[in-house]
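Results of the structural survey
The primary structure of each chain is shown beneath.
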Amino acid sequence: MTDPGDFSIVTIDSQSVESGSQAVVNISANNQFPVAGFQFTISDYPNILTALSAETTDRSEGFTLQFNEQEDGSVIVVGFNITGGLIDVGNGSVMELTYQASTVLSETIVDLNMLEFYLGDISGSAIPAFSQNGQITITLSLIHISEPTRPLYISYAVFCLKK
């Protein structure tokens, strides 16, 4: 029987970003045991985000990250350390996932759902864990309209037509 206090928690952070810009989302782990590797499958709904990069953090320094966006828009990320390094017991970001937000015409909430995940220990066994989903709120960007430039003097020509 597994002690509920032994469960680790994987969290997708929430944030706001302007329409058409990039968002860096932290994926955090509050892990009760050292982590030797992980795999996350994250979906965005509605599917209006594009994954651009996956980067390590101080907690996962030395890890290799690979990511691939699937046809359905979900992203699979795999992280491991080829030299046997571990993510120590603790709490904090283990990776950053950068998304490009689509241009939207009204404020839009995008749910980031952890569809599947795996935290593995040094022997490759699964570490008991659960996940918490996040959101990205895409806000409208401000449009700056400036007064058109005009010449200092405007001249008009008047023509008279004779019959």
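The structure under discussion appears in the preceding block.
Only a predicted model underlies this, so the values are computations on that prediction, with no experimental measurement involved. (Residues numbered from 1 in each chain as written. Predicted model: local features only at pLDDT ≥ 70, side-chain atom pairs only at ≥ 80, totals over all residues. Heavy atoms only, no water.)

Focus: the overall build of the chain
- Scanning the chain for helices and strands turns up 0 helices and 11 strands.
- Going through the 163 residues of the chain one by one, you find that 35% of them count as buried.
- Of the roughly 10300 Å² that the chain leaves accessible, carbon and sulfur atoms contribute 53%. (Helix = DSSP H or I, 4+ residues; strand = E, 2+ residues; numbered from the N terminus. Buried < 20%, exposed > 50% of the residue type's maximum accessible area, 1.4 Å probe, protein only. Areas by Shrake-Rupley, 256 points an atom, 1.4 Å probe, with all protein chains shown as cover.)

Focus: the side chain of Ser28
- With respect to the helices, strands and loops of the structure, Ser28 is situated in strand β3 (residues 22-31).
- With relative accessibility at 12%, the residue Ser28 sits in the buried group.
- With near-sequence residues (within four places) excluded, Ser28 lies in contact with Ile9, Val10, Thr11, Asp13, Gly92, Ser93 and Val94. (Contact = heavy atoms within 4.5 Å.)

Some remarks on the sheet that holds strand β10 (residues 129-132)
- Taken in spatial order, the 5 strands make up an open sheet running β5-β8-β3-β1-β10, and their pairing is mixed. Edge positions in the open sheet fall to β5 (49-56) and β10, since each of these has one partner strand only. Between one strand and the next, the sheet's axes are offset by a mean angle of 20°, whatever the strand orientation.
- The pairing of strand β1 (residues 8-12) with β3 spans 4 bridges and is classified as antiparallel. For Ile12, the partnering residue across the bridge sits in β3 and is Ile27. (Pairing = 2+ DSSP bridges. Axes fitted to C-alpha atoms, helices over the stretch in contact; angles between N-to-C directions.)

So, the nonpolar core
- Judged by nonpolar contacts, the single largest core of 33 residues is most densely connected at Ile27, Phe38, Phe40, Ile42, Met95, Tyr99 and Ile136.
- If one sorts the elements of this core by residue count, strand β8 (residues 90-101) sits on top with 5 residues.
- When neighbours within four sequence positions are excluded, Met95 is seen to be in contact with Val25, Asn26, Ile27, Phe38, Phe40, Ala54, Glu55, Thr57, Leu65 and Val77. (Core = buried A, V, L, I, M, F, W, Y, C linked by side-chain atoms within 4.5 Å.)

Section: the side chain of Ser43
- Within the fold, Ser43 resides in strand β4 (residues 37-45).
- Among all residues touching Ser43, those that are not within four sequence positions of it are Ser74, Asp111, Leu112, Asn113 and Leu115.

Regarding unusual backbone geometry
- Here Tyr45 and Pro46 are connected by a cis peptide whose omega angle stands at 0°.
- Of note, Pro46 is situated in the loop between β4 and β5.

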